[in-house]
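Each chain, written out:
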Amino acid sequence: MYTKVRDLLALGKENNACILAFDCADVNMIRSVCMGAEKAKKPVIIMLHPSPTYKNILPFGVFAQTTKYFADSVSVPVGLHLDHCGDFDEILTAIHEGFDSVMADGSLLPLDENIAFTRKVVEVARNFGVDVEGELGHVGVAMESDDFSKKEFFTKPDEVTRFTEETGVTSLAVSFGSAHGLYKFPPKLDIDHLIELRNATETPLVLHGGTGIDDDQLKAAFANGINKINIGTEFYMLNTRLNKEFYADETQAPYTFPAYIQPVLTDYIAKRLELCTVEL
Ligand code: 13P
């Protein structure tokens, strides 16, 4: 059942729980997330990471309509969200083409500019009933640096209060020990720091870089203010492995591929969603 991200975040907040959000790149992934959520009886969010190559597979409007179509084919709530986007015009295009939740990623900008950029997106988005996720502090790329583990790069609690009040974002991605992609060494989330961030705002907080963090740390984060987690790399890697396995035999007919890949992706999603403690 297609559901707005703000309603899913509210469900997370009411239950002191986290909604899992998965980056998807094609129809098999989108459909499998919906079926996995149905199997697990849990809510879920489907995200598009708007790099140019992904848009060549599924342009914004096609991605949005595909997600809504498969979301409405299951009974559990499924949301749609545009992941990291720092380009105002691109965000407007996504909204125009059917995304009603977007990330305005100004995290590489100085604080005042990040606030100005994010507020500008929120002001437009509000007119269309669209939700906006901001980012404060920077969740970097795990392979490129170990900055994610250094406290000086964590989101600052006093800035959280100012940022959320001045921008009016629906949710906020924060940094307290995670990074995107595969880690060079096991990450250690700073839950005490997260509690300080949570105490600085009522706005739901988002954890990026879900791949490679062990379940016990995730559970601690979900119990202490994280209401949405983004997972990308591990889902992509499973998808890539299954593509390679299937197409290793070049006589395979492409139309038999969905029946091969979707059950495995569906099981992965259902298993991952055991981390979600929301009871529907
Ligand atoms: P991972 O690729 O590390 O799971 O992170 C995904 C993410 O945070 C997308 O916004």
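This one's a predicted model, so the numbers in the text were calculated from it and none came from an experiment. (Residues numbered from 1 in each chain as written. Predicted model: local features only at pLDDT ≥ 70, side-chain atom pairs only at ≥ 80, totals over all residues. Heavy atoms only, no water.)

Draft legend 1. Local environment of the site of the ligand. Looking at the ligand, there are 14 residues lining it, with D83, G181, G209, T211 and T233 nearest. Between the ligand and H84 there is a distance of 3.2 Å, counted from an oxygen atom to a side-chain nitrogen or oxygen. Here an oxygen atom of the ligand and a backbone polar atom of G209 are 2.8 Å apart. Notes on the ligand: free accessible area 300 Å², of which the protein chains cover 96%. Assessed atom by atom at 2 Å from the grid points, the ligand resides in the largest pocket. At the level of elements, β3 (78-85) and β8 (226-231) are the ones that each hand at least two residues to the shell around the ligand. (Near = heavy atom within 4 Å. Polar contact = N/O pair within 3.5 Å; in protein donor to acceptor, adjacent residues only side chain to side chain. Areas by Shrake-Rupley, 256 points an atom, 1.4 Å probe, with all protein chains shown as cover. 1 Å grid on protein atoms, 1.4 Å probe; cavity = no way out; pocket = protein on both sides within 12 Å on 5 of 7 lines; lining within 4 Å. Sits in = over half its atoms within 2 Å of the grid points. Helix = DSSP H or I, 4+ residues; strand = E, 2+ residues; numbered from the N terminus.)

Draft legend 2. Structural view of the side chain of T155. Tracing the backbone through its elements, the reader meets T155 in the loop between β5 (131-136) and α7 (157-167). In terms of polar contacts, T155 uses its side chain to reach the backbone amide nitrogen of S175, at 2.7 Å. In contact with T155, other than residues within four places in its own chain, are L136, G137, V160, V174, S175, H193 and L197. (Contact = heavy atoms within 4.5 Å.)

Draft legend 3. How the structure looks around the packing of helix α2 (residues 27-40) against helix α11 (residues 257-272). Interaxial distance between α2 and α11 falls to 7 Å at its minimum, and their mutual angle equals 45°. Taken together, α2 and α11 sit at an angle that is classed as oblique. In the packing of α2 onto α11, the handedness of the crossing is right-handed. Counted together, N28, M29, R31, S32, V33, M35, G36, A37, K39 and A40 of α2 and F257, P258, I261, Q262, L265, T266, D267, I269 and A270 of α11 form the full contact between these two elements. (Axes fitted to C-alpha atoms, helices over the stretch in contact; angles between N-to-C directions. Parallel < 35°, antiparallel > 145°, perpendicular 65-115°, else oblique. Left-handed = near helix turned anticlockwise from the far one by under 90°.)

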